[in-house]
Each structure stands twice: as structure tokens, then as C-alpha cells.
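The residues making up each chain are set out below.
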Amino acid sequence: MSQTAPQSALAALDDRMRTIFREIVEAYLRSGDPVGSRTLSQTGNLSLSPASIRNTMADLADLGLLSAPHSSAGRMPTHAGLRLFVDGLLQVGELSADERKAIEGQVSVSGRSTQDLLTEATSLLGGLAGGAGLVITSKREAPMRHVEFVPLSAVEMLAVLVFEDGSVENRLMRTPDGIPPAALIEAGNYLSTRLKGRTLSDARKAIELEIAERRSALDGAAESLVTLGLADWSGGQGRERSLIVRGQARLLESLEAASDLERIRLLFDDIERKEELITLLDKARDAQGVRLFIGAENPLFSLSGSSVIVAPYMNAEQEIIGALGVIGPTRLNYARVIPLVDYTARVVGQILDSARSRE
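The rules we used
Residues numbered from 1 in each chain as written. Predicted model: local features only at pLDDT ≥ 70, side-chain atom pairs only at ≥ 80, totals over all residues. Heavy atoms only, no water. Helix = DSSP H or I, 4+ residues; strand = E, 2+ residues; numbered from the N terminus. Buried < 20%, exposed > 50% of the residue type's maximum accessible area, 1.4 Å probe, protein only. Contact = heavy atoms within 4.5 Å. Areas by Shrake-Rupley, 256 points an atom, 1.4 Å probe, with all protein chains shown as cover. Core = buried A, V, L, I, M, F, W, Y, C linked by side-chain atoms within 4.5 Å. Expected span 1.5 Å × (residues − 1). Arc of directions from axis to C-beta. Patch = residues over 30% accessible without salt bridge, like charges linked within 9 Å, V, L, I, M, F, W, Y side chains within 5 Å. Salt bridge = Lys/Arg side-chain N within 4 Å of Asp/Glu carboxyl O. Lys, Arg positive; Asp, Glu negative; His and termini not counted. Charge placed at Lys NZ, Arg CZ, Asp CG, Glu CD. Pairing = 2+ DSSP bridges. Axes fitted to C-alpha atoms, helices over the stretch in contact; angles between N-to-C directions. Left-handed = near helix turned anticlockwise from the far one by under 90°. Nonpolar A, V, L, I, M, F, W, Y, C, P; charged D, E, K, R; others polar.

### Some remarks on the overall build of the protein
Right, on to step 1. Per the secondary structure count, the protein includes 13 helices and ten strands.
Right, on to step 2. Scored against the burial criterion, the 359 residues of the protein give a buried share of 45%.
Right, on to step 3. Partitioning the contacts of the protein with sequence separation of at least 6, the portion at a separation of at least 24 is 60%.
Right, on to step 4. Looking at the protein as shown, the accessible area adds up to about 17700 Å², and 49% of this sits on carbon and sulfur atoms.

Encoded structure:
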């Protein structure tokens, strides 16, 4: 939904419709149950009869903002209705000073590895938000020192990537058909010369352009191996990043019906589809703040009807180095979860940046 869409959609609602719509969504987010007109007339801030409320609810349903999950009189917001509420009516709360200190204290324990820190942030988010926490780690961007290809069998080889910080990564690759041993050495020497002191992302376009313009002086076999290596290491298969998920069991705590159990089963299936979930989290790279995906807005969650709230974490240069968030039912407490995700992402970015500056 575009930024102007919520305003135009809200403009189509009169004051009564807007008030009743807000009451229904807020009641649904609290309980997870469809909301009936009699309940609203008794507990809501409305001076209207149940009949008047029912008529307005019918109008909201005609606009696609409410639905009736079964034959009862209760209504609940559709995904489009939730989007309208979040974008146009939601009042996002602020974290208290104690909550901020708790997040900082739990995440920033000294002596942790990056992986441990991110795992703790994932668990923390899931626990505070009442869903499952998600973190995608950053791509490997350290300057490189050396590349070497080691044959393992007729169909597999190992690419050994040595970085200037002394770390080594081994990438298993398929061996191009008919490639001679000399081509492995030639390709390794070529890449080592052009990557030395540079990150892969910095050098990749220049290398690909050199090959495309036939300025590489490589023979055909070595050239195909270089091209294959650059494609394989670029993260296209998510190999340079890992996805951390914590708190799936928490999603089972508030089940009230068999349909809920089936929805959670579908959600677990979605979480297992790692590459698609990484692609979803990567969309946070296009944003400077929190992004929210509600149900069918993303094909990955069209069946489970779940919501994902995600934010990028950045370094001091405001470069995005990863993303974290929460996944759960569409009735997440958005007013609370959005600032939780936002602040945790900022804390994680600051801690990782400080750790890198000390290295």
C-alpha cells in the first residue's frame, strides 16, 4: 500500500465508521477473537445500539476491511483492514527507559561472539514480542588476501577464500566439465591478484566487466571457473548469510482451535523455507526503518496468515549489515512490537560496529 493509500482510504470513512473500525481492530488484537456488535455496545466507547453498530460493520465489510470467519455475528479485520489500521490509525508506543536498559543489558554482554550476540537478540525479541524472533546475518565483506581452488573429485572442488583478517572460508563448488588442473591454478591466481585488499562486492563488477570485454587474458576453462565462482559466492543461494530463528514454541501457547493449530503448522513450514524467508528479510535493506508484512501481502505467508515486523541493523556509516524481526500471528501487538524491533536493531548495529572498530 502506498503512503497516500491509507489517507485516501481513511478519508472514505466517516467518524462513526472510523471509531467502530478502530474499536473492532483493537479488541481483536487484544483477544484474537471476532468482535460482535453487542460486545462493542457494552464494552466499547460507543453510544450506539447494537443494530446501528451492525449496520456500520456491514458497511466496513463491504469495503473489504472486515470479515466474518464463520456464521457468527462477530467480525475481525482483514489483512487489508489491518494494513489500513497500522498505516493510518495505529499509535505506536515508546519504550520506557527500563525497557531500553533491559534490551541493552541482555544483548550487549561483553565477550560474546557475533553469532551468540545475534542469537541472544533473536531470543530476546521473540520473548518480548510474543512471537518467534528472526535475525539474518550480514554478508561476508572483509577484504580478501588469497583465493585457491582445490579439486576434491571429478564433480566437486573446494574454493578456499583467505581474508586479510586471517579468517578462512571453504566453499564447496561443482567442478565444470572437463576443466584441467592448470585452469584451477590460473583462475586462483587471477582472482587473488584482483581481489587482494578488496571485498568481493567491491571487485566483482570490475572483474565481470573485464571478462565480458575479453581483457582478462584467461583461457576459456579458467574464465568459466572465475565466472562460476563469482556467481556462487555472491549470496544468490543465501550461502554467505545465516538465518537464526528462536521461539517457535511460543507460537503454540495461545492456540484456541484446530484451525489455529493448522495455521501454526503452515507457519512452521514457511519458516523452514529458509531462502524465501531470507529474501523477505532482505527487503528491509530498501528501508531506513521498520517494515511490516501482513499476511497475504507476501506470498510466503499467504496460507499461514502471519505477520512479520523487520528492521535493518546498520553500522556507523549507515550501511545495512543485516536485519532482525519478529514473526507471529496477524494479531501481534503492533504498537509494542514495532518500537521493540526498531530499538533492538539499533542496539545490535551499534554493538557490532563497536566490536569491529576494536578489532
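### A look at the environment of P312
Right, on to step 1. In this structure, P312 sits in strand β9 (residues 306–314).
Right, on to step 2. Note: C-alpha distance between P312 and V290 (22 residues apart in sequence) is 7.4 Å.

### Looking at the environment of T114
Right, on to step 1. Here T114 lies in helix α7 (residues 114–129).
Right, on to step 2. By relative accessible area, T114 is classed as partly exposed at 43%.
Right, on to step 3. Spatially, the C-alpha atom of T114 lies 9.8 Å from that of V348, the residues being 234 residues apart in sequence.

### Quick look at the nonpolar core
Right, on to step 1. Judged by nonpolar contacts, the single largest core of 56 residues is most densely connected at F21, V107, Y313, Y334 and V348.
Right, on to step 2. It is helix α13 (residues 334–358) that contributes the most residues to this core, twelve residues altogether.
Right, on to step 3. Beyond its immediate stretch of four places on either side in the chain, F21 contacts L60, L65, L66, G81, L84, F85 and L89.
Right, on to step 4. If you look at the next biggest cluster of nonpolar residues, it comprises 27 residues, including A142, M144, I207 and V226.

### Topic: helix α9 (residues 200–212)
Right, on to step 1. Its 13 residues place the ends of α9 18 Å apart at the C-alpha level, agreeing with the 18 Å of an ideal helix rising 1.5 Å per residue.
Right, on to step 2. Taken residue by residue, α9 has L200, A203, I207, E210 and I211 as its buried positions. For α9, the angular spread of the buried residues around the axis is 95°, confining them to a single face. Exposed and facing more than 90 degrees away from the buried side of α9 are D202, K205 and A212.
Right, on to step 3. Where the residues of α9 are buried, they touch β4 (144–151), α8 (181–195) and α10 (220–233).

### Looking at a negative patch on the surface
Right, on to step 1. Together, D14, D15, D59 and D62 make up a region of like negative charge exposed at the surface.
Right, on to step 2. Positionally, D14 belongs in the loop between α1 (4–11) and α2 (15–31).
Right, on to step 3. On the accessibility criterion, D14 (42% relative accessible area) is partly exposed.

### Focus on the side chain of E223
Right, on to step 1. Considering the arrangement of structural elements, one finds E223 in helix α10.
Right, on to step 2. On the basis of relative accessible area, E223 is assigned to the buried category, the value being 13%.
Right, on to step 3. Look past the residues within four positions of E223 in its chain and what remains in contact with it is I211, R214, S216 and L218.

### As for unusual backbone geometry
Right, on to step 1. The backbone of R214 shows a phi angle near 60°, a positive value even though the residue is not glycine.
Right, on to step 2. You can see R214 is positioned in the loop between α9 and α10.

### Topic: the sheet that holds strand β5 (residues 156–163)
Right, on to step 1. Ordered in space as β4-β5-β6, the three strands form an open sheet in which the pairing is antiparallel. With one partner strand each, in any of the chains shown, β4 and β6 (168–174) form the two edges of the open sheet. The sheet shows a mean angle of 20° between the axes of neighbouring strands, direction not considered.
Right, on to step 2. In this structure, β4 lies alongside β5, joined through seven bridges in antiparallel fashion. Among the inter-strand pairings, H146 is bridged to a residue of β5, identified as V162.
Right, on to step 3. Here α8 sits on the sheet in contact with β4 and β5, set at roughly 170° to β4.

### Examining the packing of helix α6 (residues 97–107) against α7
Right, on to step 1. Running from amino to carboxyl end, α6 crosses α7 at an angle of 145°, the nearest separation of the two axes being 9 Å. In this structure, α6 meets α7 at a crossing whose hand is right-handed. Facing α6, whose interface residues are I103, Q106 and V107, α7 presents L117, E120, A121, L124 and L128.
Right, on to step 2. Partitioned by chemical class, the residues of the contact of α6 with α7 number six nonpolar, one polar and one charged.

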